[in-house]
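Structural overview
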Amino acid sequence: FPILTTLTVLPLAGAAIALMSGRHARSVALITTLASVALALAVWAQLPADGTMGMVERHNWAPSLGIEYHLGVDGLGALMVLLSAIVTLMSVAAASRVHHQPGLYFGLVLTLEAGLFGSFTALNFFHWFLFWELSLIPAFFLIKLWGGARRGPAATQFFVYTMAGSAALLVAFLAVFVSTGSMDFGRLTSLASTGALEQMVKDHLGPAMMLWLAIGVLAGFAVKVPMIPFHTWLPAAYAEAPSPVTMLLTGAMSKMGVYGLLRIAIPLFGPQIAQMRTPLLVLAAATVVMGAWAAAAQKDLKRVFAYLSVNHLGYCLLGIFALAVPAAGAAAVASQAAALNGVILQMFNHGVTAAALFWFVAMMEQRTGGHRGIDDFGGLRKPAPVLAGLMGIALFSSLGLPGLNSFPGEFLIFRGVFSLAWVAATVSVLGLLVTAAVILTVIQKVFNGPVPSHCAGFPDLHRGEQLAMAPVIGLMLLIGILPRLIVDSVNPTVVNLLAHWRF
């Protein structure tokens, strides 16, 4: 049974039905996303125990051009598929008030989900790049058509930045194809692990070209993550997009960049990334610290959480670039494994937590006619104790409180990075401290103090919202207490990846 193909086609079929469903489009989207979560869980349950690719589907497409229809997932891909399914379901559940062209809105959301699934399952560059670009188009229109007052410039900036990154990726991979005749990730990784890929590129394109190709690939993924200084599209896009769309941008689409680093950049260009390790660690630490400081300067809650997303994804970059060094001894290998396990766990946890925070912002906007400034609220724990309590759990998760889901991933990242790059780790700890100050400030100003007049009749979460949010909060608590539910399934993949990477 071609489960991965079914997983990708299902949202596209749902999108076609939603387009013709008018005011019933949200119900179609809910059914489709629920089915996608069930399929994603089935994929997760069938992962090979040895960390290799499972559920592989492979068919010739254009053999003379090195193009195959090649699908498969390991622990990394399956976890990202599951995250995409969960976040898209959350986004559809949060979008309860789409009055303007609901069929088109939910059709675009489901098309975006298909792009995510395709990106996380494709193992041939041509096939993968189609879905990488497919996810960009619906995201652009969702911002452009349903966004805030400055949605036009925000959507254009998002599109231009991401297209520039895509162009860099495309040029780099065309050069790799010219040198090797292959676009298959598995074959290219095997060539890179023996040094043959680097030699082929040198023979065809010159001795310095491999480094430039690595820079192009890194730039393409750095825009998507985003890494400072490639992040300037993000605050406007996150702030102007409807909050349910921002949930998709931060919860799932930003992970495409981190995934690309782990699936493509590190396996193929490990020695070149090791050469650039120090400046890359500087940029990763800057992403952590400056992201947190930028969040501290914001007054708009969506911009606060947008910059906190930059900060939290900076931890993933820190872990990835820190392990780009030849391992010498069992202790170094253990540190690399800890850092990589932490990165993958952080990707999932940040996706769930960040999407939940923007969902709460959507609820607050709906109840106050669009207010979302930190100073627009106060004392919400009195009229809305359930909202305050559940949002408080999500905020403390973002802070990295032990017992909640973000802590294990951040702990593993720092446990590995301190051994591999202690200076970068020490500087990045400042980001943890500033993040804590930012989140505590949000809690103090939004939930405590006098209640402003426009919040006097602020309604608490109704039963449907409580039921919708309960599984999300439950997942934060479950992973915080039992992170091995993910780590035990991902660790074989981590061991397998590290065994094939060459620095």
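Look up a bit, the structure's there.
Each value, and the rule that gives it
- Residues numbered from 1 in each chain as written.
- Predicted model: local features only at pLDDT ≥ 70, side-chain atom pairs only at ≥ 80, totals over all residues.
- Heavy atoms only, no water.
- Helix = DSSP H or I, 4+ residues; strand = E, 2+ residues; numbered from the N terminus.
- Rg over C-alpha atoms; globule rule 2.2 N^0.38 Å.
- Buried < 20%, exposed > 50% of the residue type's maximum accessible area, 1.4 Å probe, protein only.
- Contact = heavy atoms within 4.5 Å.
- Areas by Shrake-Rupley, 256 points an atom, 1.4 Å probe, with all protein chains shown as cover.
- Lys, Arg positive; Asp, Glu negative; His and termini not counted.
- Charge placed at Lys NZ, Arg CZ, Asp CG, Glu CD.
- Pairing = 2+ DSSP bridges.
- Salt bridge = Lys/Arg side-chain N within 4 Å of Asp/Glu carboxyl O.
- Phe/Tyr/Trp six-rings, centres within 6.5 Å; stacked < 30°, edge-to-face > 60°.
- Lys NZ or Arg CZ within 6 Å of the ring centre and 35° of its normal.
- Core = buried A, V, L, I, M, F, W, Y, C linked by side-chain atoms within 4.5 Å.
- Expected span 1.5 Å × (residues − 1).
- Axes fitted to C-alpha atoms, helices over the stretch in contact; angles between N-to-C directions.
- Parallel < 35°, antiparallel > 145°, perpendicular 65-115°, else oblique.
- Nonpolar A, V, L, I, M, F, W, Y, C, P; charged D, E, K, R; others polar.

What follows concerns the overall build of the protein chain. Within the protein chain one finds 19 helices and two strands. Expected size for 503 residues packed as a compact globule is a radius of gyration near 23 Å; at 22 Å, the protein chain falls within 12% of this value. Over its C-alpha atoms, taken along the principal directions, the protein chain stretches across nearly 70 × 55 × 40 Å. Here the protein chain, with 503 residues, has 63% of them falling under the buried criterion. Across the protein chain, contacts joining residues at least 24 apart in sequence account for 82% of those joining residues at least 6 apart. Summed over its atoms, the accessible surface of the protein chain is roughly 17,600 Å², and 68% of this surface lies on carbon and sulfur atoms. Separation of charge centres in the protein chain, based on 25 positive and 18 negative side chains, amounts to 7 Å.

Another aspect to go through is the pairing of strand β2 (residues 67–73). Most of β2 is tucked away: six of the seven residues are buried. Where strand β1 (residues 54–62) lies against β2, six bridges are found, and the strand directions are antiparallel. From the neighbouring strand, Gly54 faces β2, where its bridge partner is Val73.

Here we take up the pattern of salt bridges. Under the counting rule described, the total for this entry stands at 10 salt bridges. Asp488 is the salt-bridge partner of Arg484, the closest N and O atoms lying 2.9 Å from each other. On the criterion of helical spacing, the pair formed by Arg484 and Asp488 is a turn pair, its members being four residues apart in helix α19 (residues 484–500). By relative accessible area, which is 54% here, Arg484 ends up exposed. Taking relative accessible area as the criterion, Asp488 reaches 43% and is therefore assigned partly exposed. Taken together, the shared-partner salt bridges connect Arg58, Glu68 and Asp184 into one network.

Our next topic: the packing of aromatic side chains. Centre distance and the angle of the planes are the two values used to describe a pair of aromatic rings. Taken as a whole, this structure holds 23 aromatic pairs when the rule is applied. Here the aromatic rings of Tyr315 and Phe414 are separated by 5.8 Å at their centres, their planes lie at 65°, and the arrangement is edge-to-face. Of the two residues, Tyr315 sits in helix α13 (residues 301–322) while Phe414 sits in helix α16 (residues 406–420), which places them 99 residues apart along the sequence. Classification of Tyr315 as buried rests on a relative accessible area of 1%. Measuring from centroid to centroid gives 6.4 Å for Trp501 and Phe503, while their planes differ by 75°, and the two rings are edge-to-face. Since its relative accessible area comes to 9%, Trp501 is described here as buried. By way of ring pairs, the aromatic residues Phe125, Trp128, Phe129, Trp132, Phe173, Phe185 and Phe221 are connected into one cluster. The residue whose ring lies beneath Lys224 is Trp132, and the NZ or CZ to ring-centre distance is 4.7 Å.

To continue, consider the nonpolar core. With 189 residues, the main nonpolar core has Trp128, Phe305 and Phe321 as its most contacted residues. At 19 residues, helix α14 (residues 330–368) tops the list of elements feeding residues into this core. In contact with Phe305, not counting residues within four places along its chain, are Leu357, Phe358, Val361, Met391 and Leu395.

Time to look at helix α17 (residues 422–447). When the terminal C-alpha atoms of α17 are compared, their 37 Å separation across 26 residues agrees well with the 38 Å that a helix rising 1.5 Å per residue should span. In the segment just after α17, Gly449 is the residue with positive phi, at about 85°.

At a closest axis distance of 8 Å, the pairing of helix α6 (residues 151–180) and helix α8 (residues 196–205) adopts a crossing angle of 90°. In terms of axis orientation, α6 runs roughly perpendicular to α8. Only Leu197, Met200, Val201, His204 and Leu205 of α8 make contact with α6, whose side of the interface consists of Ala175, Val176, Val178, Ser179 and Thr180. Split by residue class, the contact of α6 with α8 holds seven nonpolar, three polar and no charged.

Before going further, it helps to examine the environment of Gln466. Within the fold, Gln466 resides in helix α18 (residues 463–481). Its relative accessible area of 28% is what places Gln466 among the partly exposed residues. For the pair Gln466 and Leu390, spaced 76 residues apart in sequence, the C-alpha to C-alpha distance is 9.1 Å. Sequence-distant contacts of Gln466, defined by excluding residues within four places in its chain, comprise Val386 and Leu461.

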